[in-house]
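# Examining the three-dimensional arrangement
This is what each chain is made of:
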Protein chains: 2
Amino acid sequence: MVVYQTQDMDLSDDEVDRIFRALADTTRRDIVRRTLTDEASISDLAHRYEMSFAAVQKHITVLEGAGLVTKHRNGRERRIRGNPEAIRKAQTLLNAYERIWQGRIDRLDALLAQN
Amino acid sequence: MVVYQTQDMDLSDDEVDRIFRALADTTRRDIVRRTLTDEASISDLAHRYEMSFAAVQKHITVLEGAGLVTKHRNGRERRIRGNPEAIRKAQTLLNAYERIWQGRIDRLDALLAQN
DNA sequence: CTAATGTAAAACCAAATGGTTGTATATCAA
DNA sequence: TTGATATACAACCATTTGGTTTTACATTAG
(Lines give C-alpha, C1' and ligand atoms only; values in the text may rest on other atoms or scores of the structure.)
Protein backbone atom coordinates (compact mmCIF):
# COMPACT_ATOMS: atom_id res chain seq x y z
CA MET A 1 0.00 0.00 0.00
CA VAL A 2 1.22 3.45 -0.89
CA VAL A 3 1.34 5.60 2.19
CA TYR A 4 3.02 8.71 1.03
CA GLN A 5 2.92 10.55 -2.27
CA THR A 6 4.48 13.63 -3.74
CA GLN A 7 4.68 14.89 -7.30
CA ASP A 8 7.40 12.45 -8.22
CA MET A 9 7.51 9.91 -5.45
CA ASP A 10 5.42 7.03 -4.16
CA LEU A 11 6.52 5.47 -0.92
CA SER A 12 5.15 2.18 0.33
CA ASP A 13 5.37 1.24 3.98
CA ASP A 14 7.71 -1.61 3.14
CA GLU A 15 10.04 0.59 1.15
CA VAL A 16 10.28 3.12 3.95
CA ASP A 17 10.80 0.31 6.46
CA ARG A 18 13.72 -1.00 4.41
CA ILE A 19 15.34 2.39 3.98
CA PHE A 20 15.25 3.32 7.66
CA ARG A 21 16.19 -0.20 8.69
CA ALA A 22 19.21 -0.08 6.40
CA LEU A 23 20.24 3.29 7.84
CA ALA A 24 19.97 1.99 11.40
CA ASP A 25 23.47 0.52 11.42
CA THR A 26 26.72 2.42 11.76
CA THR A 27 28.67 0.27 9.31
CA ARG A 28 25.96 0.57 6.70
CA ARG A 29 25.71 4.34 7.10
CA ASP A 30 29.47 4.51 6.70
CA ILE A 31 29.31 2.49 3.48
CA VAL A 32 26.63 4.80 2.11
CA ARG A 33 28.54 7.92 3.06
CA ARG A 34 31.72 6.59 1.52
CA THR A 35 30.21 5.38 -1.74
CA LEU A 36 28.30 8.60 -2.24
CA THR A 37 31.61 10.21 -3.09
CA ASP A 38 33.82 7.32 -4.12
CA GLU A 39 32.65 4.17 -5.84
CA ALA A 40 34.28 1.10 -4.30
CA SER A 41 34.42 -2.64 -4.80
CA ILE A 42 33.13 -4.95 -2.09
CA SER A 43 36.69 -5.95 -1.24
CA ASP A 44 37.71 -2.33 -0.96
CA LEU A 45 34.96 -1.80 1.56
CA ALA A 46 35.56 -5.08 3.38
CA HIS A 47 39.15 -4.04 4.10
CA ARG A 48 37.92 -1.01 6.00
CA TYR A 49 35.86 -2.77 8.64
CA GLU A 50 36.80 -5.19 11.37
CA MET A 51 34.53 -7.95 10.24
CA SER A 52 34.58 -10.69 7.66
CA PHE A 53 34.19 -10.12 3.94
CA ALA A 54 30.89 -12.01 4.07
CA ALA A 55 29.54 -9.71 6.79
CA VAL A 56 30.29 -6.62 4.71
CA GLN A 57 28.76 -8.34 1.73
CA LYS A 58 25.57 -8.88 3.72
CA HIS A 59 25.45 -5.24 4.74
CA ILE A 60 25.73 -4.27 1.10
CA THR A 61 22.88 -6.63 0.25
CA VAL A 62 20.70 -4.86 2.82
CA LEU A 63 21.67 -1.46 1.42
CA GLU A 64 20.97 -2.60 -2.11
CA GLY A 65 17.59 -3.95 -1.06
CA ALA A 66 16.73 -0.53 0.29
CA GLY A 67 17.98 1.18 -2.86
CA LEU A 68 20.65 3.06 -0.92
CA VAL A 69 23.43 1.67 -3.10
CA THR A 70 23.61 0.10 -6.54
CA LYS A 71 25.98 -2.58 -7.83
CA HIS A 72 27.70 -2.35 -11.20
CA ARG A 73 29.67 -5.20 -12.66
CA ASN A 74 33.19 -4.39 -13.71
CA GLY A 75 35.07 -7.51 -14.67
CA ARG A 76 35.30 -9.70 -11.60
CA GLU A 77 34.60 -6.74 -9.37
CA ARG A 78 31.27 -5.26 -8.40
CA ARG A 79 31.47 -1.53 -7.94
CA ILE A 80 29.20 -0.17 -5.21
CA ARG A 81 27.78 3.28 -5.67
CA GLY A 82 25.72 5.27 -3.18
CA ASN A 83 22.29 6.28 -4.47
CA PRO A 84 21.10 9.73 -3.38
CA GLU A 85 17.57 8.97 -4.54
CA ALA A 86 16.85 6.73 -1.56
CA ILE A 87 18.31 9.34 0.77
CA ARG A 88 15.87 11.85 -0.67
CA LYS A 89 12.98 9.52 -0.08
CA ALA A 90 13.81 9.36 3.60
CA GLN A 91 14.25 13.12 3.70
CA THR A 92 10.88 13.61 2.05
CA LEU A 93 9.14 11.63 4.76
CA LEU A 94 10.94 13.38 7.59
CA ASN A 95 10.16 16.73 6.04
CA ALA A 96 6.50 15.76 5.95
CA TYR A 97 6.65 14.94 9.65
CA GLU A 98 8.19 18.28 10.40
CA ARG A 99 5.49 20.06 8.46
CA ILE A 100 2.85 18.12 10.37
CA TRP A 101 4.35 19.31 13.60
CA GLN A 102 4.71 22.86 12.36
CA GLY A 103 1.04 22.73 11.40
CA ARG A 104 0.10 22.06 14.99
CA ILE A 105 2.17 24.98 16.18
CA ASP A 106 0.55 27.22 13.62
CA ARG A 107 -2.90 26.18 14.78
CA LEU A 108 -1.98 26.78 18.40
CA ASP A 109 -0.68 30.22 17.50
CA ALA A 110 -3.84 31.04 15.62
CA LEU A 111 -5.89 29.91 18.59
CA LEU A 112 -3.93 32.14 20.94
CA ALA A 113 -4.12 35.15 18.64
CA GLN A 114 -7.85 34.67 18.47
CA ASN A 115 -8.22 35.08 22.27
CA MET B 1 31.78 8.21 20.10
CA VAL B 2 30.39 11.36 18.54
CA VAL B 3 30.21 10.95 14.81
CA TYR B 4 28.43 14.01 13.68
CA GLN B 5 28.43 17.58 15.00
CA THR B 6 26.72 20.81 14.12
CA GLN B 7 26.42 24.06 16.01
CA ASP B 8 23.78 22.74 18.34
CA MET B 9 23.80 19.00 17.88
CA ASP B 10 26.04 16.05 18.77
CA LEU B 11 25.03 12.72 17.36
CA SER B 12 26.54 9.48 18.57
CA ASP B 13 26.40 6.35 16.43
CA ASP B 14 24.16 4.70 18.99
CA GLU B 15 21.73 7.58 19.06
CA VAL B 16 21.43 7.62 15.29
CA ASP B 17 21.05 3.83 15.27
CA ARG B 18 18.16 4.10 17.71
CA ILE B 19 16.39 6.88 15.81
CA PHE B 20 16.50 5.14 12.44
CA ARG B 21 15.70 1.78 14.00
CA ALA B 22 12.65 3.28 15.67
CA LEU B 23 11.52 4.82 12.39
CA ALA B 24 11.88 1.51 10.55
CA ASP B 25 8.45 0.26 11.57
CA THR B 26 5.13 1.34 10.09
CA THR B 27 3.22 1.28 13.37
CA ARG B 28 5.87 3.33 15.11
CA ARG B 29 5.99 5.90 12.31
CA ASP B 30 2.23 6.17 12.55
CA ILE B 31 2.41 6.77 16.29
CA VAL B 32 4.99 9.50 15.76
CA ARG B 33 2.99 11.16 13.03
CA ARG B 34 -0.16 11.06 15.10
CA THR B 35 1.34 12.35 18.32
CA LEU B 36 3.13 15.16 16.57
CA THR B 37 -0.23 16.84 16.17
CA ASP B 38 -2.37 15.27 18.88
CA GLU B 39 -1.13 14.07 22.22
CA ALA B 40 -2.61 10.68 23.08
CA SER B 41 -2.64 8.19 25.92
CA ILE B 42 -1.23 4.71 25.39
CA SER B 43 -4.75 3.27 25.45
CA ASP B 44 -5.89 5.79 22.84
CA LEU B 45 -3.11 4.60 20.59
CA ALA B 46 -3.56 0.91 21.41
CA HIS B 47 -7.17 1.08 20.22
CA ARG B 48 -6.02 2.15 16.78
CA TYR B 49 -3.85 -0.84 15.95
CA GLU B 50 -4.65 -4.49 15.52
CA MET B 51 -2.30 -5.75 18.15
CA SER B 52 -2.29 -6.09 21.90
CA PHE B 53 -1.98 -3.20 24.32
CA ALA B 54 1.38 -4.58 25.43
CA ALA B 55 2.68 -4.61 21.86
CA VAL B 56 1.80 -0.94 21.39
CA GLN B 57 3.35 -0.20 24.75
CA LYS B 58 6.59 -1.79 23.56
CA HIS B 59 6.59 0.27 20.39
CA ILE B 60 6.21 3.38 22.49
CA THR B 61 9.14 2.29 24.66
CA VAL B 62 11.28 1.99 21.53
CA LEU B 63 10.17 5.44 20.35
CA GLU B 64 10.86 6.94 23.76
CA GLY B 65 14.31 5.36 23.83
CA ALA B 66 15.05 7.07 20.53
CA GLY B 67 13.70 10.39 21.78
CA LEU B 68 10.99 10.41 19.14
CA VAL B 69 8.23 10.71 21.72
CA THR B 70 8.04 11.77 25.34
CA LYS B 71 5.74 10.52 28.09
CA HIS B 72 3.96 12.86 30.48
CA ARG B 73 2.05 11.59 33.47
CA ASN B 74 -1.50 12.79 33.78
CA GLY B 75 -3.33 10.98 36.55
CA ARG B 76 -3.46 7.33 35.71
CA GLU B 77 -2.77 8.10 32.07
CA ARG B 78 0.52 8.69 30.32
CA ARG B 79 0.21 11.20 27.55
CA ILE B 80 2.47 10.50 24.57
CA ARG B 81 3.78 13.45 22.64
CA GLY B 82 5.82 13.38 19.44
CA ASN B 83 9.18 15.10 19.70
CA PRO B 84 10.27 17.03 16.59
CA GLU B 85 13.80 17.36 17.92
CA ALA B 86 14.66 13.73 17.14
CA ILE B 87 13.14 14.10 13.68
CA ARG B 88 15.47 17.02 13.09
CA LYS B 89 18.46 14.98 14.16
CA ALA B 90 17.68 12.41 11.50
CA GLN B 91 17.12 15.16 8.94
CA THR B 92 20.43 16.71 9.83
CA LEU B 93 22.27 13.50 9.06
CA LEU B 94 20.46 12.89 5.80
CA ASN B 95 21.11 16.48 4.75
CA ALA B 96 24.79 15.92 5.42
CA TYR B 97 24.73 12.86 3.16
CA GLU B 98 23.07 14.82 0.42
CA ARG B 99 25.69 17.54 0.67
CA ILE B 100 28.43 14.91 0.48
CA TRP B 101 26.92 13.60 -2.72
CA GLN B 102 26.45 17.09 -4.13
CA GLY B 103 30.09 17.73 -3.34
CA ARG B 104 31.12 14.91 -5.61
CA ILE B 105 28.96 16.25 -8.40
CA ASP B 106 30.48 19.67 -7.97
CA ARG B 107 33.98 18.23 -8.19
CA LEU B 108 33.11 16.28 -11.31
CA ASP B 109 31.69 19.41 -12.89
CA ALA B 110 34.81 21.37 -12.03
CA LEU B 111 36.93 18.62 -13.55
CA LEU B 112 34.92 18.68 -16.75
CA ALA B 113 35.01 22.46 -17.02
CA GLN B 114 38.76 22.30 -16.63
CA ASN B 115 39.20 20.11 -19.73
C1' DC C 1 47.47 -23.20 -17.77
C1' DT C 2 47.65 -22.12 -13.12
C1' DA C 3 47.50 -19.32 -9.21
C1' DA C 4 45.51 -15.50 -7.06
C1' DT C 5 41.73 -12.42 -6.52
C1' DG C 6 36.70 -11.09 -6.17
C1' DT C 7 32.23 -12.44 -5.41
C1' DA C 8 28.30 -15.46 -4.21
C1' DA C 9 25.90 -18.37 -1.36
C1' DA C 10 24.95 -21.86 2.15
C1' DA C 11 24.92 -23.48 6.87
C1' DC C 12 25.21 -22.25 11.35
C1' DC C 13 24.82 -19.46 15.79
C1' DA C 14 23.70 -15.94 19.45
C1' DA C 15 21.22 -11.97 20.24
C1' DA C 16 17.61 -8.77 19.17
C1' DT C 17 12.91 -7.90 17.58
C1' DG C 18 7.97 -7.99 17.57
C1' DG C 19 4.50 -10.22 19.06
C1' DT C 20 1.71 -12.86 22.77
C1' DT C 21 -0.51 -13.81 27.62
C1' DG C 22 -0.62 -13.18 32.38
C1' DT C 23 -0.04 -10.68 36.66
C1' DA C 24 0.56 -6.66 39.57
C1' DT C 25 -0.21 -1.94 40.77
C1' DA C 26 -2.16 2.70 40.63
C1' DT C 27 -5.89 5.80 39.90
C1' DC C 28 -10.46 7.19 39.05
C1' DA C 29 -15.64 6.87 39.37
C1' DA C 30 -19.83 5.46 41.55
C1' DT D 1 -14.96 0.84 49.27
C1' DT D 2 -15.24 -1.51 45.26
C1' DG D 3 -15.06 -2.14 40.45
C1' DA D 4 -13.31 -0.50 36.20
C1' DT D 5 -9.62 1.61 33.70
C1' DA D 6 -4.57 2.70 32.59
C1' DT D 7 -0.18 1.33 32.84
C1' DA D 8 3.91 -1.56 33.86
C1' DC D 9 6.42 -5.55 33.59
C1' DA D 10 7.75 -10.44 33.23
C1' DA D 11 7.88 -14.72 30.79
C1' DC D 12 7.52 -16.87 26.68
C1' DC D 13 7.86 -17.74 21.55
C1' DA D 14 8.93 -17.43 16.46
C1' DT D 15 11.40 -14.81 13.27
C1' DT D 16 14.95 -11.69 11.88
C1' DT D 17 19.46 -9.85 12.28
C1' DG D 18 24.34 -9.63 12.26
C1' DG D 19 27.92 -12.13 12.58
C1' DT D 20 30.85 -16.47 11.51
C1' DT D 21 33.13 -20.27 8.49
C1' DT D 22 33.17 -22.94 4.45
C1' DT D 23 32.59 -24.03 -0.30
C1' DA D 24 32.06 -22.90 -5.08
C1' DC D 25 32.63 -20.26 -9.12
C1' DA D 26 34.31 -16.46 -12.28
C1' DT D 27 37.85 -13.57 -13.81
C1' DT D 28 42.29 -11.73 -14.14
C1' DA D 29 47.46 -11.88 -14.02
C1' DG D 30 51.76 -14.19 -14.83
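Check the entry above for the structure.
Below, the structure is looked at part by part. (Residues numbered from 1 in each chain as written. Chains lettered and ligands numbered in written order. Predicted model: local features only at pLDDT ≥ 70, side-chain atom pairs only at ≥ 80, totals over all residues. Heavy atoms only, no water.)

## Notes on the protein's contact with DNA strand C
The condition is simple: Being near a molecule or strand, for a residue, comes down to having at least one heavy atom within 4 Å of it. We call two N or O atoms a polar contact when they sit within 3.5 Å, provided that within protein one can donate a hydrogen and the other can accept it, with sequence-adjacent residues counted only if both atoms are side-chain atoms. Put simply, DSSP marks the helices as runs of H or I at least four residues long and the strands as runs of E at least two long, and each gets a number from the N terminus on. Three classes are used, and their members are as follows: Ala, Val, Leu, Ile, Met, Phe, Trp, Tyr, Cys and Pro are nonpolar, Asp, Glu, Lys and Arg are charged, and the others, Gly among them, are polar.
Near DNA strand C you find 21 residues, and of these Ser43 and Arg78 of chain A together with Ser52, Lys58 and His59 of chain B are the closest. In DNA strand C, atoms within 4 Å of the protein come 70% from sugar and phosphate. Contacts to DNA strand C include glutamine 57 of chain A, whose side-chain N or O atom sits 3.4 Å from a phosphate oxygen. Taking arginine 76 of chain A, its side chain carries an N or O atom lying 3.0 Å from a base oxygen of DNA strand C. When contributions to the surface near DNA strand C are tallied by element, the ones reaching two or more residues are α3 (42-48), α4 (53-65) and β5 (77-82) of chain A together with α4 (53-65) of chain B. Counting residues per element, the surface near DNA strand C draws most heavily on α4 of chain B, at four residues. Among the residues forming the surface near DNA strand C, the class breakdown is six nonpolar, six polar and nine charged.

## Topic: the interface of chain A and chain B
Where we set the bar: In what follows, residue pairs with any heavy atoms lying within 4.5 Å of each other are defined as contacts. As a working definition, buried area equals the accessible area (1.4 Å probe) given up by two parts on being put together, with both sides summed. Salt bridge criterion: a side-chain nitrogen from Lys or Arg within 4 Å of a carboxyl oxygen from Asp or Glu.
At the junction of the two partners, chain A supplies 29 residues and chain B supplies 29 residues. Where chain A abuts chain B, roughly 3000 Å² becomes buried across the two surfaces, and 63% of that area is made up of carbon and sulfur atoms. Taken as a group, Arg29, Leu94 and Tyr97 of chain A account for 21% of the area that chain A buries against chain B, more than any other trio of residues on that side. Viewed at the interface, chain B and chain A are joined by four salt bridges. The closest approach of N and O atoms between aspartate 17 of chain A and arginine 29 of chain B, which form a salt bridge, is 2.8 Å. Applying the counting criterion to the chain A and chain B interface returns twelve residue pairs in polar contact (both at pLDDT 80 or more). At the level of elements, α1 (13-23), α2 (26-37) and α5 (84-114) of chain A are the ones that each hand at least two residues to the side of chain A that touches chain B.

## Some points on the environment of leucine 94 of chain B
Considering the arrangement of structural elements, one finds leucine 94 of chain B in helix α5 (residues 84-114). Among residues more than four places away in sequence, those in contact with leucine 94 of chain B are Leu23, Ile87, Ala90, Gln91 and Leu94 of chain A together with Phe20 of chain B.

## Remarks on the relation of the copies chain A and chain B
Note: a rotation about an axis with an accompanying shift along it relates these two copies of the chain. Worth spelling out the cut-off: The atoms used to superpose the copies are C-alpha atoms, taken from residues with pLDDT of at least 70 in both, and the fit is least squares.
Mapping chain A onto chain B is achieved by rotating through 180° and translating by 0.0 Å along the same axis, at an RMSD of 0.0 Å. Expressed as an axis order, the relation between the two copies is that of a two-fold axis. Mapped onto chain B, 100% of the interface residues of chain A again fall at the interface, so both copies present the same surface.

## Some words on the packing of α1 of chain A against α5 of chain A
Residue and element names in this part refer to chain A. Just so we agree on the cut-off: To get an axis, a line is fitted to the C-alpha atoms, and for a helix only the part in contact is used. The angle between two axes follows their N-to-C directions and goes from 0 to 180 degrees. Here the angle decides the label: under 35 degrees means roughly parallel, over 145 means roughly antiparallel, 65 to 115 means roughly perpendicular, and every other value means oblique.
The N-to-C vectors of α1 and α5 enclose an angle of 105°; their axes lie 10 Å apart at closest approach. Regarding the angle of α1 to α5, the classification is roughly perpendicular. Side by side, α1 and α5 meet where Glu15, Val16, Ile19 and Phe20 of the first sit next to Ala86, Lys89, Ala90, Leu93 and Leu94 of the second. Grouping the constituent residues of the contact of α1 with α5 by class yields seven nonpolar, no polar and two charged.

## Focus on the sheet that holds strand β5 (residues 77-82) of chain B
All names here are of chain B. Our working definition: Pairing between two strands is assigned when DSSP locates at least 2 bridges connecting them.
Sheet architecture is open: three strands sit in the order β3-β5-β4, paired in antiparallel fashion. In the strand order of this sheet, the two ends are held by β3 (40-41) and β4 (69-74), each with one partner. As judged from the two bridges shared by β3 and β5, these two strands associate in the antiparallel manner. Among the inter-strand pairings, alanine 40 is bridged to a residue of β5, identified as isoleucine 80.

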